[in-house]
Amino acid sequence: MAEVIGVRFKEVGKVYYFDPLDNKLNKGDMVVVETARGLECGEVATPNKTIDEGELTHPLKPLIRIADENDIKHLAENKLKEKEAYKICEQKIANHKLEMKLVNVEYTFDNSKILFYFTADGRVDFRALVKDLASVFRTRIELRQIGVRDEAKMLGGLGICGKPFCCASYMGEFQPVSIKMAKEQGLSLSPVKISGTCGRLMCCLKYEQEAYTDLLKKTPKVGAIVNTPEGKGLVVENNLIAGTLKVKLDKALDDVAPKNFTVKECKLVKDGYIKVNKKEMEELKGLE
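Described in the following lines is the structure provided in the data block.

**A word on the overall build of the protein chain**
Inference 1: Scanning the protein chain for helices and strands turns up 8 helices and 13 strands.
Inference 2: By the compact-globule yardstick of 19 Å for 288 residues, the protein chain is too spread out, its C-alpha radius of gyration being 27 Å.
Inference 3: With the C-alpha coordinates of the protein chain rotated into their principal frame, the extents come out at 80 × 55 × 30 Å.
Inference 4: Here the protein chain, with 288 residues, has 33% of them falling under the buried criterion.
Inference 5: Taking all contacts inside the protein chain whose residues are at least 6 apart in sequence as the whole, residues at least 24 apart take part in 57%.
Inference 6: Just so you have it, the protein chain exposes about 17,900 Å², and 52% of that area is on carbon and sulfur atoms.

Next up, the structure:
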């Protein structure tokens, strides 16, 4: 077993474990630790706790110190520098006529490196830009191309629900979402309705997927054959939440509307299946 603290370096970022070295820390405390990028100042997201050493993917690095007033002041100064660096980099991008969009700038805590995050439709030759920036800032420069999901997480905003983006407000890491999830949840496969502001599938598709997966085990799918109190028929529509089915009875005439039954009233003979066909995949290409 190992005693750890969880530290987050961004407001809504991944939590990393460190060895507290017998220090008792509370959530919200600021600490200085050593990372792969060098010294970093972060916020304690998880107070002291004990975990199985098997959960650790890398050897624990120790806490350097609890952040003091000078560290907090230095962190604030870096934030001001980042804003100035952003303006300079934007101007340099325009001067070099590069097809890229600057998203964010980060100074490492010890000022040994500046990271510039950008988006672009394809690969960008930014070697001349790096040299130009290095001559201005006199430190190591790193440009990182990120995806549209990462851009939305960094910039933030409001989703179609009217609330702040999940990724920017509390999600530490992105969860995998798929078009099949939308289909299993009975949502319209219109890109406008199932994609977020970033243009990719909404992260919230993941939240209720376990419940829908469980309901699909108990509910005949569209295309299933079932026995009802009024005879055998074909399921043409189902409502997973309400637990109801619309069944086209075999004995009914073609112009007779399907009848409503509850799931409990029906006995499954042969289940249907949910599959995203090639046409749907082509239309929704690029959303996943």
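**Some details on the nonpolar core**
Inference 1: Of all hydrophobic cores here, the largest spans 17 residues; its most connected members are Met100, Phe116, Leu133, Phe137 and Leu143.
Inference 2: Only helix H1 (69–96), strand S6 (101–107), strand S7 (113–119), helix H2 (127–137) and strand S8 (140–145) provide two or more residues apiece to this core.
Inference 3: Filtering out sequence-adjacent residues up to four positions away, Phe116 remains in contact with Ala85, Cys89, Leu102, Asn104, Val105, Leu133, Phe137, Ile141, Glu142, Leu143 and Arg144.
Inference 4: In this structure, Val177, Val276, Leu284 and Leu287 belong to the second largest nonpolar core, which totals 10 residues.

**So, the packing of H1 against H2**
Inference 1: H2 packs onto H1 with a crossing angle of 140° between their chain directions and a minimal axis gap of 10 Å. In terms of orientation, H1 lies oblique with respect to H2. Once H1 is placed against H2, the crossing between them reads as right-handed. Mapping the contact onto sequence places Ala85, Ile88, Cys89, Lys92, Ile93 and His96 in H1 and Ala128, Leu129, Asp132, Leu133, Val136 and Phe137 in H2.
Inference 2: A breakdown of the residues in the contact of H1 with H2 according to their chemical character gives 9 nonpolar, 1 polar and 2 charged.

**A few points about the sheet that holds S8**
Inference 1: The strand order across the open sheet built from 3 strands is S6-S7-S8, with neighbouring strands paired in mixed fashion. This sheet does not close on itself; its edge strands, each paired only once, are S6 and S8. Averaged over all pairs of adjacent strands, the angle between their axes in this sheet comes to 20°, without regard to strand direction.
Inference 2: As defined by bridge partners, S7 adjoins S8 across 6 bridges and the pair is classed as parallel. Each bridged residue has a counterpart across the sheet, and for Tyr117 the counterpart in S8 is Arg144.
Inference 3: With respect to the sheet, H1 is in contact with S6 and S7, its orientation differing from that of S6 by roughly 145°.

**Things to note about the pattern of salt bridges**
Inference 1: Evaluation of the coordinates by the stated rule reveals 15 salt bridges.
Inference 2: With a shortest N-O distance of 3.2 Å, Lys10 and Glu106 are connected by a salt bridge. Of this pair, Lys10 sits in the loop between strand S1 (2–8) and strand S2 (15–18) while Glu106 sits in strand S6, and the two are 96 residues apart along the sequence.
Inference 3: The partly exposed category is assigned to Lys10, whose relative accessible area is 40%.
Inference 4: Overall, Glu106 belongs to the buried group, its relative accessible area being 10%.
Inference 5: A salt bridge links Lys101 to Glu151; the nearest nitrogen and oxygen atoms lie 2.6 Å apart. Placement of the pair is Lys101 in strand S6 and Glu151 in helix H3 (residues 148–155), with a sequence separation of 50 residues.

**Thoughts on the side chain of Lys153**
Inference 1: On the secondary structure map, Lys153 appears in helix H3.
Inference 2: Buried within the structure, Lys153 lacks any salt-bridge partner; its nearest side chain of opposite charge belongs to Asp150, at an N-O separation of 7.4 Å.
Inference 3: Within the local environment of Lys153, its side chain forms a polar contact with the backbone oxygen of Cys167, the two atoms lying 2.7 Å apart.

**Comments concerning H1**
Inference 1: Over its 28 residues, H1 extends 40 Å from the first C-alpha to the last, a length consistent with the 40 Å expected when each residue adds 1.5 Å.
Inference 2: Within H1 the residues assigned to the buried category are Asp71, Asn78, Glu82, Ala85, Cys89, Lys92 and Ile93.
Inference 3: Backbone nitrogen of Asn70 and a side-chain oxygen of the N-cap are separated by 3.1 Å at the start of H1; the cap is Asp68.
Inference 4: Remark: Lys97 follows H1 within two positions and exhibits a positive phi of approximately 55°.

**Some points on the pairing of strand S11 (residues 244–249)**
Inference 1: Taking every second residue as pointing to the same face, the buried face of S11 carries Leu245, Val247 and Leu249, while none of Thr244, Lys246 and Lys248 on the other face is buried.
Inference 2: As defined by bridge partners, strand S10 (residues 231–239) adjoins S11 across 6 bridges and the pair is classed as antiparallel. Note that in S11 the partner of Val235 across the bridge is Val247.
Inference 3: Where S11 and strand S12 (residues 259–262) come together, 4 bridges link them in antiparallel fashion. The partner of Thr244 across the bridge, within S12, is Thr262.

Here is what the cut-offs are and how they apply
- Residues numbered from 1 in each chain as written.
- Predicted model: local features only at pLDDT ≥ 70, side-chain atom pairs only at ≥ 80, totals over all residues.
- Heavy atoms only, no water.
- Helix = DSSP H or I, 4+ residues; strand = E, 2+ residues; numbered from the N terminus.
- Rg over C-alpha atoms; globule rule 2.2 N^0.38 Å.
- Buried < 20%, exposed > 50% of the residue type's maximum accessible area, 1.4 Å probe, protein only.
- Contact = heavy atoms within 4.5 Å.
- Areas by Shrake-Rupley, 256 points an atom, 1.4 Å probe, with all protein chains shown as cover.
- Core = buried A, V, L, I, M, F, W, Y, C linked by side-chain atoms within 4.5 Å.
- Axes fitted to C-alpha atoms, helices over the stretch in contact; angles between N-to-C directions.
- Parallel < 35°, antiparallel > 145°, perpendicular 65-115°, else oblique.
- Left-handed = near helix turned anticlockwise from the far one by under 90°.
- Nonpolar A, V, L, I, M, F, W, Y, C, P; charged D, E, K, R; others polar.
- Pairing = 2+ DSSP bridges.
- Salt bridge = Lys/Arg side-chain N within 4 Å of Asp/Glu carboxyl O.
- Lys, Arg positive; Asp, Glu negative; His and termini not counted.
- Polar contact = N/O pair within 3.5 Å; in protein donor to acceptor, adjacent residues only side chain to side chain.
- Expected span 1.5 Å × (residues − 1).

This is a description of form; function is not addressed.
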